[in-house]
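# Chains, contacts and geometry: an overview
What follows is each chain in one-letter form.
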Amino acid sequence: HRPTAATMSKFTMEEGINAAGFGRAQLWMALITGFFQASDAMELMMISFIGPTLQCAWGLSTAQASSLATVVFLGMLFGTYFWGIMADKYGRKTVLLYDCLFVFSFAMISAFSVNFGMLAFCRTMVGFGLGGFGVVWSYFLEFVPTADRGRWACILLSWWSVGTVLEAGLAWAVLPTLGWRWLLVLSALPLVPVFFGLFTIPESPRYLLVNDRVEEATKILERIALSNKHSLPEGSLKLPEQEEVPGPLEVFKLIFNRSWRVLTSSLWVLWFTNAFVYYGLVLMTTVLRYSGESENICEGDEVFSDQDYIDVFVATAAEIPGLIISLAIVDRLGRKYSQVILFAGCAFFIILLIPLEGETSASVSILFLARVCITGAFTVTYLYTPEVYPTNIRTTAFGYANSFARFGGMTSPFVSQDLIHAGHAWAAELIFAAFSIFATLAAWMLPVETAGRAMQDQASGTSLECKNASIEVEMIDTKSDNFRPGNEEIGTELEANASGVETTN
């Protein structure tokens, strides 16, 4: 039989995802991955409660209490590299299963810690597992059609806010009655349904395609299309240009070649600042009232008063309007300018905190507004990063960027807790404001806008010396609704950079 036009035609993965549409299949994935994010948020949110509690229960110094937060981020620093590399090599779903089991195991063991050293080690391992959070994010976005990606990225990140609110409520209910060990146990339990739910979701078809598993990728797309009552384009999946999957070192070289270095450097600044400021504001909420009164933290029957828990709730509730704002502007203004506005807003509100002393109703209100902005900025950065990197290096490149957030998280407790306890709240606030301003400039320097842009599946070129010229940066259509003024020059410059790299044979 002679092949027909239908059998000869090819469609790209992006065309297949768009044709399959968004429906029940992705909603179920959003539920599972969202619950995973909420569980991770609960593990991180508890650091604002555990440190001060054990400072009194075990007689820890302020530095030791702060280090219980730092070790979590230290673990995440290495975890982001490890889980990202494993996800690019062995698949997103497989890595998520092992990651979930890993976090649950060490979270439960930490509840039985007998001394500071054992607890610090277990929480470091929990942090190592939490480093896989970026894989959850990349996995879900690889199933979402182009037109829906911005909206559903913001909705998915709302699960993080759900987790922070749940942890604040759980701490309020459990710490005064059952104690910190039960808080650790109960905070880990949501990972159990997540683990079993992961067995019900498919592997990423984008991952399968770039690993030459076309038939499996096609079957998954067909099931999604059938579930959503859509149909795929006629023909078969177009296999991207096949090259050796780059290793971690090759990915590092690739994202710092002449075409990508400004993008990558700017992103790393944004990731550091997001975590540094976000967790700084989280921790400030519970320690601001102790400014200059480090000896008084353990006075009274309870470490935290009802007012402390209320303040945490108020500050945590700020994440909801932060997500709503990012949802409203991320597609209208684009990823780049949304981050510029949100980081600038965060800097403005933190500066307003400086003249205030200690905890007042005004400072709680300003912290609320600052957290609105940093939550929105974090959301857009989480969306932008996996959009801008191709599938075959996405989770590894995401892991590199995410690791800078862990540096930010590691240093944040020593600014937000130690400086405030020493009576220098103004200095902590000034530092957070300065970094927010720095991030505003870094967001302005982002050379590419990803709103309405197809996600690439292949980064051509696995080494800096021989194939960088083949890297293609998709341009924004100046006639499309997604075009924003100023992209013409940005695109022209990138195209010139990409085509101007010298190659060697």
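See the structure printed just above.
Everything quoted here is computed from the prediction, not taken from an experiment. Residue numbers run consecutively from 1 along every chain, following the written order of its sequence. For a predicted model such as this one, the threshold for reporting local features is a pLDDT of at least 70, and the threshold for listing and counting side-chain atom pairs is 80 or more; totals across whole chains, interfaces and linings nevertheless cover every residue. The basis for every side-chain value is the complete set of heavy atoms in the structure, and neither hydrogens nor water enter the calculation.

## Topic: the overall build of the protein
Labels follow the DSSP assignment, with helices taken as runs of H or I lasting at least four residues and strands as runs of E lasting at least two, numbered in each case from the N terminus. Scanning the protein from terminus to terminus reveals 22 helices and 2 strands. Here the term buried applies to any residue with accessible area under 20% of the maximum for its type, exposed to any over 50%, and partly exposed to those in between, with areas from a 1.4 Å probe on protein chains only. Relative to its 505 residues, the protein shows a buried fraction of 59%. Relative to all contacts within the protein whose residues are 6 or more apart in sequence, the contacts with residues 24 or more apart total 84%. When checking whether two residues touch, look at their non-hydrogen atoms; a contact exists if any pair is within 4.5 Å.

## Focus on the environment of Arg 332
Along the chain, Arg 332 turns up in the loop between α17 (319-329) and α18 (334-353). Spatially, the C-alpha atoms of Arg 332 and Ala 451 are 8.7 Å apart, while their sequence positions differ by 119 residues.

## What about unusual backbone geometry?
Within the chain, Lys 229 stands out as a residue other than glycine whose phi angle is a positive 60°. Here Lys 229 shows up in the loop between α13 (214-227) and β2 (236-237). In this structure Lys 229 comes out as exposed when scored by relative accessible area, which is 76%.

## So, helix α8 (residues 133-141)
Since the α-helix turns once every 3.6 residues, residues separated by three or four places project in the same direction. Burial runs high along α8: 9 of the 9 residues are buried. Of all the residues in α8, the buried ones are Phe 133, Gly 134, Val 135, Val 136, Trp 137, Ser 138, Tyr 139, Phe 140 and Leu 141.

## Concerning the packing of aromatic side chains
Working definition: a ring pair exists when centres of Phe, Tyr or Trp rings (six-membered ring for Trp) sit within 6.5 Å. Plane angles under 30 degrees give stacked, over 60 give edge-to-face, the rest tilted. Enumeration according to the criterion identifies 28 aromatic pairs in this entry. Measuring from ring centre to ring centre gives 4.9 Å for Phe 82 and Trp 83, while their planes differ by 80°; the resulting arrangement is edge-to-face. For Phe 82, a relative accessible area of 36% gives the class partly exposed. On the numbers, 5.5 Å between centres and 40° between planes, the contact of Phe 272 with Phe 435 is tilted. Linking Phe 272 in helix α15 (residues 261-287) with Phe 435 in helix α21 (residues 425-444), this pair joins segments that are 163 residues apart in sequence. On the basis of relative accessibility, which here comes to 28%, the residue Phe 435 falls in the partly exposed class. Each residue in the set Phe 73, Trp 271, Tyr 278, Tyr 279, Phe 378 and Tyr 382 is aromatic and connected to the rest through ring pairs, giving one cluster. Two conditions define a charge located above a ring, namely a distance within 6 Å from the ring centre to NZ of Lys or CZ of Arg, and an angle within 35 degrees of the ring normal. If you follow Lys 336 out to its NZ or CZ, it ends over the ring of Trp 444, 5.7 Å from the centre.

None of this, on its own, says anything about what the molecule does.
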